[in-house]
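Letter by letter, the chains look like this.
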Amino acid sequence: MNKRRALVSALVTMAVAWGLLGATLAAGATPRLGLDLQGGFAVRLVAPEGTDTDVLDKAVEIMRQRIEALGGVQEPEIAVAGDNAVEVQLPGVTDRDRALAAIGSTGDLSFRQVIQIGPLPGVSPVYAEFGLDPPGLDLDPIVSEGEGEDTTTTTTTAPPDEALVPTTPALTVAIDCSGGSPAGIDTAAVLPVETFDTVDPDTGLTLIDDPAADAWLLEPDSGLIYHVGPALLTGADLSGASAEFGGGSVGAGGWVVDPSFTGDGGEKFRCATGALASFNIADPRRRFAIVLDGEVVSAPVVAEGVGTEGLSPSAVTITIGGGDDQQGEAEDLATVLRYGALPATFETDRVEAVSASLGDDSLRAGLIAGVGGLILVGLALLLYYRALGLIAIAGLSVFGSLLLFLFSFLGETQGVTLTLAGVAGIVVSIGITSDSYIVYFERIKEEVRNGRSVRAAVDNGFRRAFRTILTADAVSLFGAILLFLLAVGAVKGFAVALGLATVIDVIVAALFTRFATAYLVRTRLGDGGRFSIRGAVGMEPATDPAGAEA
Amino acid sequence: MSIFARMYQGTTTFDFVGNRNKFFRVSGAMMLIAILSLVFLRLDLGVDFVGGTVVEAANPNGVSVDTLRSDLSGIGEAGARVQLTGGGDGIRVQTTELSEAALQRLVDTVAATAGVPAAEISSQEVGPTFGAQVAESAARALVIFLIVVTIFISIRFEWRMALTALAALVHDLLITAGLYSVTGLEVTPATVIAILTILGYSLYDTVVVFDKIEEQVDILGDRQTITGIVNLSMNQVLMRSVNTSLTSLLPVGSLLFVGSFLLGAATLREFALALFVGISAGTYSSIFFASPLLAIWKEQEEDWQRARRRAERRRGPADAGEPVADVPLQVAATAVAEDEPRPATVTGATPRPPKRRRRRR
């Protein structure tokens, strides 16, 4: 091999590796750290066996929306793992209550009777019902009729007799549809009503929503606050829903949502709508609120003309309207109905909270171990292989630069994270890559022992050594790929690091080590003294440098 | 020349195959201990496999295990397993699975006792199904990996080598698992990763050694017995094995060292320990277990039996299987000729090599 060509090739490889790393660092990209290295919160949720993949995907989407709504979470990672699990990683979040709230309640969907609607957006009906002044407002009559109502129906104000007493027994009538009987309304029975204690005195909203009791809940879109009764149906009573154009009572041109119910659910729905239909069309109690996670999504009215026999579950549609933006609204509602309360209940399988300081400590420990390992290996190779050890050290730096570059690059573009297991994988790969040098250098020694000149040994030795390196690296790479495809959690991070390192090892051997050694053997370090390659392969230092040519 | 100089030169003449019974006895004894221990002592499986809760915190005030334990029994967690980690800088409490409220109480108690804010406490709660999934996925990965590797080695080398490599692998895994069982160390997902790595490493090492054997078979054909060839190969590859083990163990040792003395590196330490043992076992097994095994197995093949008979006729039966001092010299002579077109006299003078691989060249 030509000395000049060898030098240029080795230098180009080195420059490319360092250049790539430099460019990445200059661009501000660093490896994306896994949760265990920067602190955060991880939850693994498991759905029952055989849950549809679509459902899982949808659940992931809903959770992502909720976490985004939560704010302050940088780069949440939510993904389906395995057949029926969802893994949620919230880096930087260490407040377990907040984190669990974000993903814990997986869509509590219920259908509840509306009892009362707040007079104005943002004003809770609770004050009127308990005869109190809403805070921050000095309207003495709480209700200004007709004003502030932007929804389709008028709202009756709270009857004065109810507004004056602390509790409003007459307000809530028991609707019992658990048996699915059409005569589910029992005007005589009175439900126990939540007391004012359960309400935030400033907002007038229920603090902790219990679907088995009544509650004051917000509809975020309109700002209205609804007083709703206990749940009549839950998400489990629904089997699906779709958004359609052109059906329903508004006739052609309107968007409707068409829910479908389970057999049981259908009966409950018929009973519930029958009970609601006993109220006047202007009465808020003729409405049912669709409640998701403690918020009212929509509160349609049971249409005029529906009798106390209730709505047929197969014919029911929820009319949204004909506007352009109402398509989205209809689709959102259908999504909520379909997936809001997932037919499968997720169980928390594994919760992990890593404090930020533990993450830092782990990262530091990993770095110390990695750098320490590199230095030790470099020293050992230098001591044993002398001049050849210099090549190994330069090669290790190329290897390290490329690995750091790849992790930064893949972290930035593909979201590949570097976890603690990944750090361990890298530390292990230092051993594997240094083995490539050892295989090659031992091969050179052997070729020399078999009578070749040092130069011939360096050039010929590479061919045989590279074959061994390829074979051995192939086994490592197989392992890494299979681990990545088949394993879960931490093992994946390890496999990524090991796989990348193995590929880089082959690249460095072919594009750097080979040329660098070919160059070095043609310099004074090739055969000048005990430190030279000649010395390292165990030949007596040549007294006459020309002797090496022989 | 001193023994070290000879090792450096790769001209040692250790009789690896001839002393195989000693090595097999060592390996056998270790595997037996491992199996007995695995059967009777079992493995101490961590929370990730059996479910449970782990709470970890820093220990800035140097609270003792006893103090913690008594505080914990105050909230009804007397059965908790309390450990100091990172050389006393950290606290680790492990309990069975807890309810939300009980966990909160545990976190608060540990925070109060250790004198750190509750947000600085790391916790881990694992349901009983998670471990089963991890174990299942690891086992599935293992089986498929073994099948693929067996096929790969069978194609690249031959099926006997593949099976021998697998035997060496089982040897290494048993010894590592045995160590965990004997010492009662907890098995964590990090351990599983480490074991999967050992798997890769053990095969890698065996592949490198077999590559050497195959090469010598190509060079020497059947002018040597397989036992002689394996011995020669082992002596030549010995330094590579020693060096590779050394350079692999150095970073792992660095992990082990850092992991034992720094907080936050408990995972690294668990990982490093299994690796340390596994890599050592892997190096041992590829030289002292897999290779002699391969030699005695291949010795049964008809071609190699013929080669042995010829060698005995040439040199007398006494030293047919023994490596002889002049073997490396003999290699030297042939190896130089190797890359050139083989002189007709060499091919003509020796019997036809038994290996079909010879023809590829």
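Residues numbered from 1 in each chain as written. Chains lettered and ligands numbered in written order. Predicted model: local features only at pLDDT ≥ 70, side-chain atom pairs only at ≥ 80, totals over all residues.

## Regarding the pairing of strand β5 (residues 122–126) of chain B
Across the five residues of β5(B), four count as buried, placing the element largely inside the fold. Bridge analysis of strand β15 (residues 347–354) of chain A against β5(B) gives four bridges, and the strand direction is antiparallel. Bridge pairing in β5(B) places Glu352(A) opposite Gln124(B). Sheet analysis places strand β2 (residues 52–58) of chain B next to β5(B), joined by five bridges and oriented antiparallel. In the strand pairing of β5(B), Val55(B) is matched with Ser123(B). (Buried ≥ 20, exposed ≤ 12 C-beta atoms within 10 Å, placed from the backbone. Helix = DSSP H or I, 4+ residues; strand = E, 2+ residues; numbered from the N terminus. Pairing = 2+ DSSP bridges.)

## Quick word on the nonpolar core
Ranked by size, the top nonpolar core spans 173 residues in total, and within it Ala424(A), Ile193(B), Leu255(B), Phe271(B) and Leu275(B) carry the most contacts. By residue number, the principal contributor to this core is helix α8 (residues 189–220) of chain B, which donates 19 residues. When residues no more than four places from it in sequence are discounted, the contact partners of Ala424(A) are Phe494(A), Ile193(B), Leu255(B), Leu268(B) and Phe271(B). (Core = buried A, V, L, I, M, F, W, Y, C linked by C-beta atoms within 7 Å. Contact = placed C-beta atoms within 7 Å.)

## Points about the confidence of the model for chain B
Residues and elements named next belong to chain B. Looking at chain B, the pLDDT average stands at 77 and 84% of residues meet or exceed 70. For chain B, per-element mean pLDDT is lowest for helix α13 (residues 344–349), which scores 39, and highest for helix α2 (residues 20–40), which scores 91. Within the model, pLDDT remains below 50 along residues 320–353, and this stretch shows 47 contacts once partners closer than five positions in the same chain are excluded. Contacts of residues 357–361 to residues separated by more than four positions or lying in other chains number five contacts, the stretch itself having pLDDT below 50. Interface scoring of the predicted complex returns ipTM 0.72; its pTM is 0.66. (pLDDT = per-residue confidence, 0-100.)

## A closer look at the interface of chain A and chain B
At the junction of the two partners, chain A supplies 64 residues and chain B supplies 68 residues. Broken down by secondary-structure element, the contributors of at least two residues to the side of chain A that touches chain B are β2 (40–46), β15, α9 (356–385), α11 (420–449), α12 (454–486) and α13 (490–520) of chain A. Across the side of chain A that touches chain B, the residue classes break down as 32 nonpolar, 20 polar and twelve charged. (Nonpolar A, V, L, I, M, F, W, Y, C, P; charged D, E, K, R; others polar.)

## Regarding unusual backbone geometry
Of note, the phi angle at Arg386(A) is positive, near 50°, even though the residue is not glycine. With respect to the helices and strands, Arg386(A) occurs in the loop between α9 and α10 (387–413). Overall, Arg386(A) belongs to the buried group, with 20 C-beta atoms counted inside 10 Å. The phi dihedral of Arg42(B) is positive, around 60°, even though this residue is not glycine. Within the secondary structure, Arg42(B) is located in the loop between α2 and β1 (44–45). Overall, Arg42(B) belongs to the exposed group, with 10 C-beta atoms counted inside 10 Å.

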